[in-house]
Structure formats: structure tokens, C-alpha cells
Amino acid sequence: METLLEIKNLSKSFDLHNLGKHIRAVSSVDIQIKEGEFVGITGKSGSGKSTILKCIYGTYRIQQGSILYHSKKFGRINLAEATERELLYLRKHEIGYVSQFLNVMPRTTARQLVKQAILEMGDDHDLAEKETEKILAHFELDEELWDSYPTTFSGGEKLRLNIARAMVKKPRLLLLDEPTASLDHDSKIKVKLLIEQLMKEGTTMLGIFHDLEFMNHLCNQEYNIQNGVFSHSTSFTNS
Amino acid sequence: MAEFEVPVLSIKNLNKQFGKGCPYCQDEESLVKNYCPVCGTVYACRDVSFDVFPGEVLGIVGESGSGKSTLMQCLYFDQEVTNGEAYLADYHNGEKNLFQESSQQQRYIRNNIMGKVYQNPLLGLKMNFSSIGNIAEKLIAAGNQHVGMMENRGTELLNKVNIPVHRRKEAPKNFSGGMQQRVQIAKALSNRPPLLLLDEVTTGLDLSVQASVLDLIKSLQRELNISIVLVSHDLGVIRMLADRTLVMLEGRVIEQGLTDQILEDPQHRYTQQLVHSLL
Ligand SMILES: Nc1ncnc2c1ncn2[C@@H]1O[C@H](COP(=O)(O)OP(=O)(O)OP(=O)(O)O)[C@@H](O)[C@H]1O
Ligand SMILES: Nc1ncnc2c1ncn2[C@@H]1O[C@H](COP(=O)(O)OP(=O)(O)O)[C@@H](O)[C@H]1O
Ligand SMILES: [Mg+2]
Ligand SMILES: [Mg+2]
Ligand SMILES: [Zn+2]
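What this report covers is the structure whose coordinates are included nearby. If you're wondering where the values come from, they're calculated on a predicted model, not measured in any experiment. Positions within a chain are numbered from 1, following the residues in the order the chain's sequence is written. Following the order in which they are written, the chains are lettered starting with A and the ligands numbered starting with 1. Under the rules for a predicted model, residues below a pLDDT of 70 receive no local features and side-chain atom pairs below 80 are neither given nor counted, while totals for whole chains, interfaces and linings still include all residues. For side-chain calculations, the full set of non-hydrogen atoms in the structure is used, while hydrogens and water are omitted.

Concerning the sheet that holds strand β2 (residues 42-52) of chain B
Residue and element names in this part refer to chain B.
Right, on to step 1. DSSP-based pairing: two strands are paired if at least 2 bridges between them are found. Each helix corresponds to a stretch of at least 4 residues labelled H or I by DSSP, and each strand to a stretch of at least 2 residues labelled E; elements are numbered beginning at the N terminus. On the basis of which strands lie adjacent, the open sheet formed by 3 strands has the order β2-β1-β4 and antiparallel pairing. Among the strands making up the open sheet, the edge pair consists of β2 and β4 (83-88). This sheet shows a mean twist of 15° between the axes of neighbouring strands, independent of strand direction.
Right, on to step 2. When strand β1 (residues 9-18) meets β4, the two strands line up antiparallel, connected through 5 bridges. Considered in β4, the bridge of isoleucine 11 is made with alanine 86.
Right, on to step 3. Sheet strands touched by helix α2 (residues 68-75): β1 and β2. Its angle to β1, the strand with the most contacts, is close to 115°. Simply put, an axis is a line fit to the C-alpha atoms, just over the touching stretch for a helix, and the angle between two N-to-C directions goes from 0 to 180 degrees. Two residues form a contact once any of their heavy atoms are found within 4.5 Å.

Side note on the site of ligand 1
All names here are of chain B.
Right, on to step 1. Lining the immediate environment of ligand 1, one finds Phe18, Val42, Ala44, Glu63, Ser64, Gly65, Ser66, Gly67, Lys68, Ser69, Thr70 and Gln79.
Right, on to step 2. Between serine 69 and ligand 1, the recorded distance is 2.7 Å, taken from a side-chain N or O atom to an oxygen atom.
Right, on to step 3. One of the side-chain N or O atoms of threonine 70 is found 2.5 Å from an oxygen atom in ligand 1.
Right, on to step 4. Broken down by secondary-structure element, the contributors of at least two residues to the shell around ligand 1 are β2 and α2.
Right, on to step 5. If one sorts the elements of the shell around ligand 1 by residue count, α2 sits on top with 3 residues.
Right, on to step 6. Nonpolar residues are Ala, Val, Leu, Ile, Met, Phe, Trp, Tyr, Cys and Pro. Charged residues are Asp, Glu, Lys and Arg, and all others, Gly as well, are polar. Grouping the constituent residues of the shell around ligand 1 by class yields 3 nonpolar, 7 polar and 2 charged. One heavy atom within 4 Å of a molecule or strand makes the whole residue count as near it. Think of a polar contact as two N or O atoms within 3.5 Å of one another; within protein, one of them needs to be a possible hydrogen donor and the other a possible acceptor, and neighboring residues in sequence only count if both atoms come from side chains.

Here's the deal with the packing of helix α3 (residues 110-120) of chain A against helix α4 (residues 125-138) of chain A
Residues and elements named next belong to chain A.
Right, on to step 1. In contact at an axis separation of 9 Å, α3 and α4 are set at 125° when each is read in the N-to-C sense. In this view, α3 runs oblique relative to α4, as classed from their interaxial angle. Here α3 runs over α4; the crossing is right-handed. Together, Arg111, Val114, Lys115, Ile118 and Leu119 of α3 and His125, Ala128, Glu129, Glu131, Thr132, Glu133, Ile135 and Leu136 of α4 make up the contact between the two elements.
Right, on to step 2. For the contact of α3 with α4, the residue count by class is 6 nonpolar, 2 polar and 5 charged. Should an angle fall under 35 degrees it is called roughly parallel, over 145 degrees roughly antiparallel, and 65 to 115 degrees roughly perpendicular, with every other angle called oblique. For any pair of crossing helices, the crossing counts as left-handed if the nearer helix is rotated counterclockwise from the farther one by less than a right angle, and right-handed if it is rotated clockwise.

Written out as C-alpha cells, the structure reads:
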């Protein structure tokens, strides 16, 4: 299998000018992910796990290192040097992200949100409508909620919607930042089923899960951050 | 890597000063913010460059007086630039500097390739004309003559912006602030411009009215896949609508990035202050 993502010597720090603070979030990160793998990152709260995902997604601009991604559209591209428009393209078509926080757009219905995500991939309206209903049903989001505003949803419902929206695009690379953190057992199982299905379909995933057992069952490789040191802890090959 | 897209609008080194300047302010260091204390010249836009791409919303934020509205006025030829270049893909293949075209050509561009919505509806609408008449005015300016066709297009547009059909003959002066902005939006869209300029279009409206105007902009943008330059001092508006964002300070663009980069990992001291003071 080809390498889909290769992070070399990545460091990210924040200079908070008005507070006179310099925060080192992560340093010397090396990660290699092959196509179709599921890779996990573990570490204590504040150790820099989310930071790594945000650097890949382009939300954080990095000071040092490279993030080589094998894009369908652009070929090998260093995400750390990609233009804004290239990043936007990749977010629409190739790289998905589920945040650990509930970031739903205000004033857009659940149905519109999911459908919009599918349409961004270039599907036609009828197909998008069908897919939308399918995934909303999979996550057992009450049909009554489909046409209402997620700002009024419960935490779990919002989260399920967030995941549905990211997964429905079947991105080539899916970044998962504790997507199951505040879900009940049943919802976790649903997410797991979808992750397994996406794995079968060849989606590559890099995820952070606080539920290690959940993660270990899925992982091909695991990286760990301890006391600021980033290391490759386990490889489960030919799984 | 070579650019994979062609910008709809490209602005290069735009400068706009109010006043003649003097020997003292030739040296930029001697300005107080963007103002010359000796001759009173205001350097409202300084060396502003950016591109707008197809189907995207470009946000512009910055403190009061940073030059946002002046920039938008220059783009719409409401103000004459001091110097700089602007190119539109839909005008001579993006090969002619719009700022050097005749005023007649500039009028053509305003009427056919751009639409603008002002914060103050008095600047964008004739308050005593009927609403549909306001739209017809822009259609006529673009060379339309067929009354029936204009009537249809006007009705269609007012419908799109949720102005009840039976009120189309009413003058905007009878309308609420939110409705006036809707009529302005309908007018701006009338000639199907690829580019829409929006300057603080929701500022001063009630929160719920603001929300409905923002919704309208968002849904129109999706449906028509139009490019929008959106000025707002409200980061909530920027977060909701903009794909990319420029930050202006004292006439300059001090930082630009994807909107989530600007909001979550601001680099410049001023941007950090702006973002963190609102979190
Ligand atoms: N017609 C004019 N004559 C002289 N100075 C002007 C004129 N128009 C604007 N200025 C000055 O240019 C600077 C930029 O003004 P501008 O209206 O572009 O700010 P802005 O960023 O839109 O601010 P706001 O957020 O308050 O709308 C200000 O110092 C303003 O006083
Ligand atoms: N946008 C930011 N601005 C400033 N500091 C940040 C930002 N994001 C993360 N950090 C800091 O970087 C460190 C790592 O945070 P994070 O990646 O969220 O950890 P984790 O996800 O492992 O809990 C923390 O010290 C955090 O405060
Ligand atoms: Mg985290
Ligand atoms: Mg202004
Ligand atoms: Zn001077």
C-alpha cells in the first residue's frame, strides 16, 4: 500500500503576543500512514493530540516540519505549504474532520447540512437527498429533527449529526478528534459500525479516542505522546 | 505548485489617500496610524492586494477606520483610487486594469459584472421608487428594454429575497430595515453578476432580522455559486459566511488566511487581540 500521509519533524507553538506567552504545543512529530490504515494517537489531555489533527487540516499554521499528503487532485502536496484555495479544495473533496467540539452551523437544518456536504462532492440533488436520509436514519436521528435546527439539539444529537456530515462524504482521509467522547453506548456502537464500514471501503483514518478499548480494536498503528515526547508505540500489521 | 484556479477578481497594490500628502508624510514612519499630523492626509488603503476565487466568500474584518469601506468603494468605482490595479475575469479576460478604464466602461462593469449592497440603504436604493422599479432601474442600466421581461425578473428576484409579491410596487421607504436590505440584495443580483460586494449589510439591524438576512445571503450564495466580498466588523458573521478572511489595520492587510486559521490560530498581535477579546 502507498503512503497517504507522512508527517516529518512537525512542531507547533503559539506566540500569544498580548499575553507575552510562548506555548509549545507539540514538537518532533513523525507519522506515517498508509492508504486504508486506521491510526490512533493517545496521550494525556493537553499533550497536543488535537493540535496535530488541526495542523493536518490546515487550521493551525506550523513553524517547522512537513506534512506530505498524497492527493488525488494535486499529487504529492505539502499541506504546510498549500495555498488557502488548495486547502479548501482538499477539505471539500478529500480530507474530512470531526471535531471534539460541537460546531454546527447556526440556522441550517440537519438535512441541509448533510446534503450540502454531499453536494460539495459533486453528486446530483436526487442522489444527495437519498444519501442524506440514509445516513440520518443510520444515526437514528429522529425524523422530526431532520428539518429543524441543530442549535436546538442535545449534545449527543449534534455530535451524531457532525459525524454523519463528515462521514457521508467518504473522504480519502478522515481526521477524528474524540468523536465519541460524549456519546452514549448505543451511539458509540453506531459510530464504530460506520468506521468499520468506511475502513472496508478504503478510507484512511487518523483518530483520537479517549476510549482506548474502542480504538485498539480498530487500529493498525498507534502513536503516543508522553511528557512532550512523541513516539510510535505499536504497529499491528496485516490486521 | 501552479495555481489551479483563475481568480474572479484580482486586486494589486491598491492605494487610496484622502488629501495631497506633503514632504513630511512621504516617510511613512511619520504617520500617526494612517494619518499625517502635518497635512491631514488620510492613507485609507495602503498597498492592498488580494484575489477572489469563483464561488467563494472572502471576508474582510478590521477596526473602525481601517479602510474597509473605502476599499469597497474603490472596487465599485464610488471612489477613485490613488493608484493600483484591478482585474475581473469576466472583463476582457482579466487583462485590463479596471481602474484605468473610462468612466463609461466602469459604469458598464458596475451594471453588468458587479452588484453592491450598502450598509446604508439610502445609498443603494431610491426610497420613493417602487421596489420593483429599483430593480428595473439596474436592468435598464444594463441595456434591458423589454418591460414584461423586467417585470418578471423583478418579481422573481423579490420572491427570492422573500419580499411578498403583492408588495413589489411599494416604495422601500415603507419597508423595515431588513426588508430594505433584501430589496438591495435583489437589485444587486438583478444582472446575474459573478461578484457581489457587501459592506456591513446587517449592521444596525435587530438580531433576528440580521439572522434572516445572513441566511438569505448564505442560501443565495450556495444556489447561485456567486463570489462575495463581505465586509463586517462582526466575527460571528465572518465565521458563518466567509471561506477566507483578510484582516485590515490602518489601511493595510496585516493578515489573511482561511477563516478558521484567522479565528483559531491568529498570528498578528492585532488579530489576536480582535479574536481573543471576543471569545
Ligand atoms: N471621503 C472621505 N474623505 C476623507 N477621509 C475619508 C473619506 N472616506 C473615508 N475617509 C477616511 O478613511 C479612513 C478609512 O475609512 P473607512 O470608511 O474606509 O473605514 P472602515 O474600515 O469602513 O470603518 P468602519 O468599520 O467604521 O465602517 C478613515 O480614517 C476615514 O476617516
Ligand atoms: N489555538 C490555540 N492557541 C493557543 N494554545 C493552544 C491552541 N490550541 C492548543 N493550544 C495549546 O497546545 C497544547 C496542546 O493542546 P491540544 O492539542 O488541544 O491537546 P489535546 O488534544 O492532546 O488535549 C495545550 O497546552 C493547549 O493549551
Ligand atoms: Mg483535544
Ligand atoms: Mg465602513
Ligand atoms: Zn502630510
